[in-house]
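# A closer look at the structure
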Amino acid sequence: MTLSKVTLEGLPVYRNEPFTDFAIADNRKAMVDAIAAVKAEFGRTYPLTIGGNKVYTAETIRSVNPGNVDETVGYACKASKAHAEEAMGAALTAFETWKRAGAAERSSYLLRAAKLMRERKHGFSATMILESGKNWVEADVDTAEAIDFLEFYAREAIRLSETNEHRPLVAIPGEANRVEYIPLGVGIVIPPWNFPLAICVGMTAAAIVSGNTVVLKPSSLTPVIAHRFFALMEEVGLPAGVINYLPGSGAEVGDYLTKHPQTRFISFTGSKEVGLRINRLAAETSDGQIWIKRVIAEMGGKDGIVVDETADLDAAAAAIVASAFGFQGQKCSAGSRAIIVDDVYEELVGKIVARTRELEVGLPELDFPSGPVSDPLAFDKIMEYIDIGRGEGNLLVGGHKAEGNGYYIQPTVFSEVSPKARIMQEEIFGPVLAISRAKDYKEAISIYNDTEFGLTGSYYSQDEGRIAYATQEMHCGNLYVNRKCTGALVGVHPFGGFNMSGTDSKAGGYDYLLLFTQAKLVSRKLK
Ligand SMILES: NC(=O)c1ccc[n+]([C@@H]2O[C@H](COP(=O)([O-])OP(=O)(O)OC[C@H]3O[C@@H](n4cnc5c(N)ncnc54)[C@H](O)[C@@H]3O)[C@@H](O)[C@H]2O)c1
Ligand SMILES: N[C@@H](CCC=O)C(=O)O
């Protein structure tokens, strides 16, 4: 593919990457082989990369397999503030040329990376299985989403560069007017650990394809998969300094870069606490700073599924269990609350309990449906919430540590939980489902709305009037009807939440790249 020749018309129509069917023996074998190949690389040290230079540090971050804590996936070199300063310098230098590359050229790097990632799909997924504790399907979905982000944003950058053709300004005689979406500058990209490939790729790709350069500070829990993506971008020939790979402490390097006067924007996805801190620090102007920093902050959720008495209860039970316990509830979209109307409460709770009991907990590489949680801090926090839950509801399933040489917790269900209970209000980010009873669908929806978050929600019903009411009243960025509240697809379900869930950036949607650009109007008087 010639770089400057990429056009929207010349590209195949965007389609979501298909998921792998692991019922097929060849696909299972391919994943087993990929896991073995990743294990053969265990224990390697991954350098920082600043302006293309590899930097090895004495201090490293040990990336542990949360499913078998004796295994070290790798060691990531750990940046200091001095490295952060160098990375900022490298990104500023690279920006001077990268900002002038056309959208077609910038997009071509993403498209090449997508092609290679597709060819090596199971390798990327296997790294996540071993580094983040995803089961095979969850890891495969994460890789597919990463490929989707690359393909989608490549097309979006080209579309945005052709905006005057697709959305012409109002014409007036004697002038030629056009809008150009130009890059912002150097951005700090701070992804979470839980979609360690897809979200890392999506945030980084969107920033650079819009003409910015970035310092990428991956989560300290998943630096190896982030490095795998970074190495892919090097392999496709991305110029040095466009992405600077800089693992390090959030408190040290993260704060330093957030406060830096030459940081133009911060693209963050993670917890409410860290997001609010970044937002506050970024609002303070540093000496020498000549802009208002832009903060894109996608944060947590306390998502839920509302079920009324007309709903298909088997479908609702399946969705509630999948949304609550998929990847051990460690998704911002996790349906950690179910709000069920009185008439069908007992029946539906029975179905939820039965399905939850079927979830076997075990080693991700052996593809158990339920695996470990991320790390000891998360383990302790979740177990504390389970203790709190014992005082706030009826424990129906789980409630204990599960067997295994890792951070395993039994999928846990509490019923008869008050809407104001802590386990109904606070993000637990683990395999804990709280169920509340409502007298009717209107009360159920008002319980759903009664949190500080507003990310995802589902409404289960067969009544069109109620569906219309729920559509209007449920206050969240991603509302689903008669489907689970996890699993947004790029281009299909633009993703982002309201209130304390963040800035509603709508990742994977048509508005996302605008966040990484500024619009410049050029008006020319004609003779
Ligand atoms: N809304 C979304 O789209 C979305 C998607 C995924 C995850 N999340 C949320 O992310 C959270 C889980 O991810 P996590 O545990 O990685 O979150 P986290 O907030 O602990 O960390 C997120 C990132 O911030 C970094 N960080 C920590 N302190 C920092 C600081 N002072 N300055 C700069 N960076 C700092 C971390 O190293 C990590 O890379 C959950 O709350 C989840 O709901 C939200
Ligand atoms: N986009 C993902 C959630 C990302 C947050 O963890 C979903 O829709 O389930």
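Residues numbered from 1 in each chain as written. Chains lettered and ligands numbered in written order. Predicted model: local features only at pLDDT ≥ 70, side-chain atom pairs only at ≥ 80, totals over all residues. Heavy atoms only, no water.

With that settled, the discussion passes to the packing of helix α4 (residues 121-132) against helix α5 (residues 136-161). For the pair α4 and α5, the least separation of the axes is 8 Å and the interaxial angle reads 125°. In this view, α4 runs oblique relative to α5, as classed from their interaxial angle. In the crossing of α4 with α5, the sense of the turn from one axis to the other is right-handed. For the pair α4 and α5, the contacting residues are Lys-121, His-122, Phe-124, Ser-125, Met-128 and Ile-129 in the first and Trp-136, Ala-139, Asp-140, Asp-142, Thr-143 and Ile-147 in the second. A class-by-class count of the residues in the contact of α4 with α5 yields six nonpolar, three polar and three charged. (Axes fitted to C-alpha atoms, helices over the stretch in contact; angles between N-to-C directions. Helix = DSSP H or I, 4+ residues; strand = E, 2+ residues; numbered from the N terminus. Parallel < 35°, antiparallel > 145°, perpendicular 65-115°, else oblique. Left-handed = near helix turned anticlockwise from the far one by under 90°. Contact = heavy atoms within 4.5 Å. Nonpolar A, V, L, I, M, F, W, Y, C, P; charged D, E, K, R; others polar.)

Strand order in this open sheet of seven strands is β14-β15-β16-β13-β12-β17-β18, and the pairing throughout is mixed. Only two strands of the sheet have a single partner each, and these edge strands are β14 (394-397) and β18 (478-481). Across the sheet, the axes of successive neighbouring strands diverge by a mean angle of 20°, strand direction being ignored. Summarising the sheet, β14 and strand β15 (residues 412-415) pair through three bridges and their orientation is antiparallel. When the bridges of β15 are listed, Leu-395 appears paired with Phe-414. Sitting on the sheet, helix α15 (residues 441-449) touches β12 (304-307), β13 (337-341), β16 (432-438) and β17 (456-460), and the angle it makes with β13 is about 165°. (Pairing = 2+ DSSP bridges.)

Here the phi dihedral of Phe-327 falls at roughly 50°; this positive angle occurs in a residue that is not glycine. Phi angles above zero are rare outside glycine, and Asp-367 is one such case at about 65°. Accessibility expressed as a relative area gives 22% for Asp-367, which makes it partly exposed. (Buried < 20%, exposed > 50% of the residue type's maximum accessible area, 1.4 Å probe, protein only.)

Approximately 340 Å³ is the volume attributed to the second largest pocket. If you go around the second largest pocket, you meet 19 residues; those closest to its centre are Arg-106, Ser-161, Tyr-181, Ile-182 and Pro-183. For the lining of the second largest pocket, the elements supplying multiple residues, two or more each, are α3 (103-119), α5 and β6 (175-183). (1 Å grid on protein atoms, 1.4 Å probe; cavity = no way out; pocket = protein on both sides within 12 Å on 5 of 7 lines; lining within 4 Å. Points joined across faces, edges and corners; volume = space filled by probe spheres on them.)

Lining the immediate surroundings of ligand 2 are Asn-194, Phe-195, Lys-331, Cys-332, Ser-333, Thr-486, Gly-487, Ala-488 and Phe-495. Here Ser-333 contributes a side-chain N or O atom positioned 2.7 Å from an oxygen atom of ligand 2. The backbone of Ala-488 places a nitrogen or oxygen atom 2.8 Å from an oxygen atom of ligand 2. Partitioned by chemical class, the residues of the shell around ligand 2 number four nonpolar, four polar and one charged. (Near = heavy atom within 4 Å. Polar contact = N/O pair within 3.5 Å; in protein donor to acceptor, adjacent residues only side chain to side chain.)

This part covers the pattern of salt bridges. Tallying each qualifying case throughout the model produces 32 salt bridges. For Glu-309, the salt bridge is made with Arg-466, and the minimal N-O distance between the two is 3.1 Å. Remark: Arg-466 occurs in helix α16 (residues 464-473) and Glu-309 occurs in the loop between β12 and α11 (313-325); sequence separation between them is 157 residues. Since its relative accessible area comes to 15%, Arg-466 is described here as buried. (Salt bridge = Lys/Arg side-chain N within 4 Å of Asp/Glu carboxyl O.)

The feature "domain: Aldehyde dehydrogenase" (unreviewed entry), as given by UniProt, occupies residues 59-522 in the numbering adopted here. Counting secondary structure, residues 59-522 comes out at 42% helix and 17% strand; the distance between its end C-alpha atoms is 50 Å. (UniProt positions renumbered as here; feature names shortened; annotations may be inferred.)

The two faces of a sheet get side chains in turn, since along a regular strand they alternate between them. Every second residue of β12 is oriented toward a common face, with Gly-304 and Val-306 on one face and Ile-305 and Val-307 on the other, all of them buried. With four bridges joining them, β12 and β13 adopt parallel strand pairing. Note on β13: the bridge partner recorded for Val-306 is Ile-339. As a crossover connection, the stretch from β12 through α11 into β13 is right-handed. Here four bridges tie β12 to β17, and the two strands are oriented parallel to one another. Note that in β17 the partner of Gly-304 across the bridge is Gly-457. (Right-handed = clockwise from strand over helix to strand, strands pointing away.)

With that settled, consider the sheet that holds strand β1 (residues 44-46). The strand order across the open sheet built from three strands is β1-β5-β4, with neighbouring strands paired in mixed fashion. For this open sheet the edge positions go to β1 and β4 (60-64), each flanked by a neighbour on one side alone. Recorded for the sheet is a direction-independent mean angle of 25° between the axes of neighbouring strands. Two strands pair when backbone bridges link them, and β4 and strand β5 (residues 72-77) are joined in this way by five bridges, in the antiparallel orientation. Its bridge partner lying in β5, Arg-62 is registered against Tyr-75. Its contacts with the sheet put helix α8 (residues 223-235) on β1, β4 and β5, and the angle it makes with β5 is roughly 70°.

Here we come to the environment of Ser-446. By secondary structure assignment, the location of Ser-446 is in helix α15. Ser-446 gets classed as partly exposed once you look at its relative accessible area, which sits at 44%.

Attention shifts here to the nonpolar core. Formed by 73 residues in total, the largest nonpolar core has its most connected members in Leu-110, Met-117, Tyr-153, Leu-197, Ile-208, Met-233 and Ile-243. Here this core gets twelve residues from one element, more than from any other, and that element is α5. Sequence-distant contacts of Leu-197, defined by excluding residues within four places in its chain, comprise Met-117, Phe-124, Met-128, Asp-142, Thr-143, Ala-146, Ile-225 and Phe-229. The next biggest cluster of nonpolar side chains, apart from the first, holds 58 residues, and it includes Ala-311, Val-344, Val-353 and Tyr-407. (Core = buried A, V, L, I, M, F, W, Y, C linked by side-chain atoms within 4.5 Å.)

Let's shift gears to the environment of Met-128. Mapped onto the fold, Met-128 is located in helix α4. On a C-alpha basis, the gap between Met-128 and Val-349 in space is 33 Å, while along the polypeptide they are 221 residues apart. For Met-128, the contacting residues outside a window of four places in its chain are Gly-133, Lys-134, Ala-139, Asp-142, Thr-143, Pro-196, Leu-197 and Ile-225.

When two helices pack together, you describe them by how their axes are tilted relative to each other and by the distance separating the axes. Taken N-terminus to C-terminus, the directions of α3 and α5 make an angle of 165°; their axes are 9 Å apart at the nearest point. The pairing of α3 with α5 is recorded here as roughly antiparallel in orientation. At the point where α3 passes α5, the crossing takes the left-handed sense. When α3 is examined against α5, the residues Ala-103, Ala-104, Ser-107, Leu-110, Leu-111, Ala-113, Ala-114, Met-117 and Arg-118 are found in contact with a partner set consisting of Thr-143, Ala-146, Ile-147, Leu-150, Glu-151, Tyr-153, Ala-154, Arg-155, Ala-157, Ile-158 and Ser-161. Across the contact of α3 with α5, the residue classes break down as 14 nonpolar, three polar and three charged.

Turning our eyes to something else, we now look at the domain arrangement of the protein. As far as domains go, the protein holds domain 1 (28-299 + 505-524) and domain 2 (303-489). Between domain 1 and domain 2, the C-alpha centre-to-centre distance is 31 Å. Contact residues are listed per partner, giving 27 residues for domain 1 and 28 residues for domain 2. Roughly 2100 Å² is buried in total at the junction of domain 1 and domain 2, and carbon and sulfur atoms are behind 53% of that figure. Summed over the three residues of domain 1 that lose the most area to domain 2, namely Pro-66, Gly-67 and Trp-193, the buried surface amounts to 22% of that side. Scanning the region where domain 1 abuts domain 2 turns up four salt bridges. The partner of Asp-367 in a salt bridge is Arg-28, and the shortest N-O contact between them spans 3.8 Å. At the boundary of domain 1 and domain 2, one finds 15 residue pairs in polar contact (both at pLDDT 80 or more). At the level of elements, α1 (25-40), α4 and α5 are the ones that each hand at least two residues to the side of domain 1 that touches domain 2. (Domains from an automatic or database assignment. Buried area = accessible area lost by both parts, 1.4 Å probe.)

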